[in-house]
Amino acid sequence: MLHTVNKSPFERNTLETCLQHAKDGSTILLIEDGVYAATEGTRFSDTIKKAMETKTVCALLPDLKARGMHEKVIEGIKLVDYAGFVDLVEQNERVQAWL
Amino acid sequence: MKLGIQINEGPYQHQASDTAYLFTKAALEKGHEIFRVFFYHDGVNNGTRLTTPPQDDRNIVARWSELAEKYNLDLVICVAAAQRRGIVDPDEKKRHGKDADNIAPGFRISGLGQLIEAGIQCDRLVVFGD
Amino acid sequence: MSEEMMEEGGVVKKFMYVNRKAPIGSIYALESLEVVLIGAAFEQDVCMVFLDDGIYQIVKGMDTNDVEMKNFSPTYRALEMYDVERLYVSKEAMEERGLTTDDLVVDVEVMDASQIADLMEEQDVILSF
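Engineer: How would you summarise the sheet that holds strand S4 (residues 78-80) of chain A if you had to cite specific residues and measurements?
Structural biologist: All names here are of chain A. Strands sit in the order S4-S3-S2-S1-S5 across an open sheet of 5 strands; the sheet is parallel. Both outer strands of the open sheet, S4 and strand S5 (95-98), are each paired with one neighbouring strand and no more. If you compare each strand with its neighbour and ignore which way they point, the axes differ by 25 degrees on average. The pairing of strand S1 (residues 2-5) with S5 spans 4 bridges and is classified as parallel. Note that in S5 the partner of Leu2 across the bridge is Val95. This element, helix H1 (residues 14-21), spans S1, strand S2 (27-30) and S5 of the sheet and lies at about 170 degrees to S1.

Engineer: Explain helix H2 (residues 60-71) of chain B to me, and be specific about the residues and the numbers.
Structural biologist: Residues and elements named next belong to chain B. With 12 residues, H2 extends 17 Å between its outermost C-alpha atoms, agreeing within 8% with the 16 Å of an ideal straight helix rising 1.5 Å per residue. Ile60, Val61, Arg63, Trp64, Ser65, Leu67 and Ala68 are the residues of H2 that are buried. Those residues of H2 that are buried are in contact with strand S1 (2-7), helix H1 (16-29), strand S2 (33-39), strand S3 (75-78) and strand S4 (107-110). With a side-chain oxygen lying 3.3 Å from the backbone nitrogen of Val61, the N-terminal cap of H2 falls on Asn59. Phi for Asn72, located one or two positions after H2, is positive at around 55 degrees.

Engineer: Summarise unusual backbone geometry; cite the residues concerned and give the values.
Structural biologist: Trans is the prevailing form of peptide bonds, just as negative phi is the prevailing case for residues other than glycine. Unusually for a residue other than glycine, Tyr12 of chain B sits at a positive phi of about 75 degrees. Relative to the elements of secondary structure, Tyr12 of chain B occurs in the loop between S1 and H1. We classify Tyr12 of chain B as partly exposed; its relative accessible area is 31%. Its identity is not glycine, yet Glu68 of chain C carries a phi of approximately 55 degrees, on the positive side. Glu68 of chain C gets classed as exposed once you look at its relative accessible area, which sits at 74%.

Engineer: Lay out the packing of aromatic side chains with the relevant residues and their values.
Structural biologist: Where two aromatic rings form a pair, the distance of their centres and the angle of their planes describe that pair. This structure, assessed with the given rule, holds 12 aromatic pairs over all chains. The interplanar angle of 80 degrees and the centroid separation of 5.1 Å between the aromatic rings of Phe10 of chain A and Phe44 of chain A together place this pair among those described as edge-to-face. Of this pair, Phe10 of chain A sits in the loop between S1 and H1 while Phe44 of chain A sits in the loop between S2 and helix H2 (45-52), and the two are 34 residues apart along the sequence. Take Phe10 of chain A: its relative accessible area is 45%, and that puts it in the partly exposed class. Taking the relative accessible area as the measure of exposure, Phe44 of chain A reaches 16% and is therefore buried. With a centroid separation of 6.3 Å and an interplanar angle of 70 degrees, the aromatic rings of Phe50 of chain C and Tyr76 of chain C are classed as edge-to-face. Residue Phe50 of chain C is located in strand S2 (residues 45-50), and its partner Tyr76 of chain C is located in helix H3 (residues 73-78); the two are separated by 26 residues in the primary sequence. Comparing Phe50 of chain C with Tyr76 of chain C, the two get one shared label, buried.

Engineer: For the pairing of S1 of chain B, give the residues involved together with the corresponding values.
Structural biologist: Residues and elements named next belong to chain B. When you tally the buried positions in S1, you get 5 out of 6 residues, the bulk of the element. Following the backbone out of S1, through H1 and into the adjacent parallel S2, one traces a crossover that is right-handed. Relative to strand S5 (residues 124-128), S1 runs parallel, the two sharing 5 bridges. Bridge pairing in S5 links Ile5 to Val126.

Engineer: Describe in detail the interface of chain C and chain B, supporting the description with residues and values.
Structural biologist: With 23 residues of chain C in contact, the opposing surface of chain B contributes 22 residues. Both faces combined, the contact of chain C with chain B buries some 1900 Å², and carbon together with sulfur accounts for 61% of it. Counting across the chain C and chain B interface gives 3 salt bridges. Among the ionic pairs, Glu31 of chain C bridges to Arg85 of chain B, the shortest N-O distance being 2.9 Å. Along the contact surface separating chain C from chain B lie 10 residue pairs in polar contact (both at pLDDT 80 or more). For the side of chain C that touches chain B, the element with the highest residue contribution is helix H2 (residues 28-39) of chain C, accounting for 8 residues.

Each value, and the rule that gives it
Residues numbered from 1 in each chain as written. Chains lettered and ligands numbered in written order. Predicted model: local features only at pLDDT ≥ 70, side-chain atom pairs only at ≥ 80, totals over all residues. Heavy atoms only, no water. Pairing = 2+ DSSP bridges. Helix = DSSP H or I, 4+ residues; strand = E, 2+ residues; numbered from the N terminus. Axes fitted to C-alpha atoms, helices over the stretch in contact; angles between N-to-C directions. Contact = heavy atoms within 4.5 Å. Expected span 1.5 Å × (residues − 1). Buried < 20%, exposed > 50% of the residue type's maximum accessible area, 1.4 Å probe, protein only. Polar contact = N/O pair within 3.5 Å; in protein donor to acceptor, adjacent residues only side chain to side chain. Phe/Tyr/Trp six-rings, centres within 6.5 Å; stacked < 30°, edge-to-face > 60°. Right-handed = clockwise from strand over helix to strand, strands pointing away. Buried area = accessible area lost by both parts, 1.4 Å probe. Salt bridge = Lys/Arg side-chain N within 4 Å of Asp/Glu carboxyl O.

As C-alpha cells, this is what we get:
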C-alpha cells in the first residue's frame, strides 16, 4: 500500500499518524511540504530512519528541489519524479493520502 | 491502469492542484487512462475561466483546460461545492437566475455520484488536498 | 447514471472514508459527510474512520447557533438509515483528547492504530478529506 504525506512534520501530526497506520512493507511517499521530513539533521530524521527499517520511504524530488532541500536528503530515501509517483501508484493496490 | 483523481483545493492557495496536474500529465504520458478528474471542496475554484494570474506565472486553470482538450479528459466540478463557491455553468446560471456563468473550457458541473463512480470504475483513486 | 451503472456492473467495492479534520473550523467534515450520504445510493461496502481531530466531528452537544452555521451533527445519527453502519474511531485519538465513546453521538467501534492499519489494507478505495 502507498501512503502519501504532504505536511511538514513541524506543523502537523500527519506524518506521525501515517506512520502509526502504515504497515510494515508499505511505501510512504513524501510530497509537497511533506518533503521536509526527508531531510537530515532534523527532529524527525530518526523517526524517518526508523520507519525505513520496515517500510520504503520515498520523496518527490521536484518538491525537494523547489524547497532547496535536495542536498540534505537522508541517505537511503528513494527519490522519484512525477512519473515515478505514477509508478508507485501502479505498483501499490491502494493509495491513502494523509492530508 | 485506469486512474481517478480527486482535487480538494483551489489553485494557487495550495500546491494540491499543481501536484495533481503534474501527476495526471505524467500518467497520461506513460499511457495510463485518466477516467475522471473530480474537483471537490475549494477544488471547484480550479474551474473558473475568470482567473487572471500574472503573466510570468503558470495559469493553473488554462493548463487544466489544455490538458483536457489534448487528452479528452473528463474534468468534473461537484455541483454542491460549486454552488457554495460561485462556480456556474450555463445550465446553473439559468436554473438559479444568475447574471453570468464562469466555467472554464473542458470542465463540466455534475453530482457527487461522479466521484463514487470513479472510485468504483478505476483501478486507483488518488486524492490531492490540504 | 448511477442506476444504469449498477445494473450493468453490479460491482461492490470496499470504500473507506477517512476523517481527520475537526468540524466547524473548516468545511471538510460537512462536505465529506455529503459524499458519504450520496455514496450510500451506490450500495457499496462502506465504512467511516475517525482519526485525529476527526473525532471532534461526532462529539455530543454541538450547538452552532451563535456562530450562525448549519449544525450537521444530527446527520451522523441518520447514517444508519443510509446503511452506513460501520463507524470506527481511533483509540489513540480518543485517549489523547480525553474522550470516551460516551461523548459521541453515534455508536462506534474503537480500534487501535494497528487494527485500523489492517482494515485500511483491506479496502479498494480510500477517500480522504
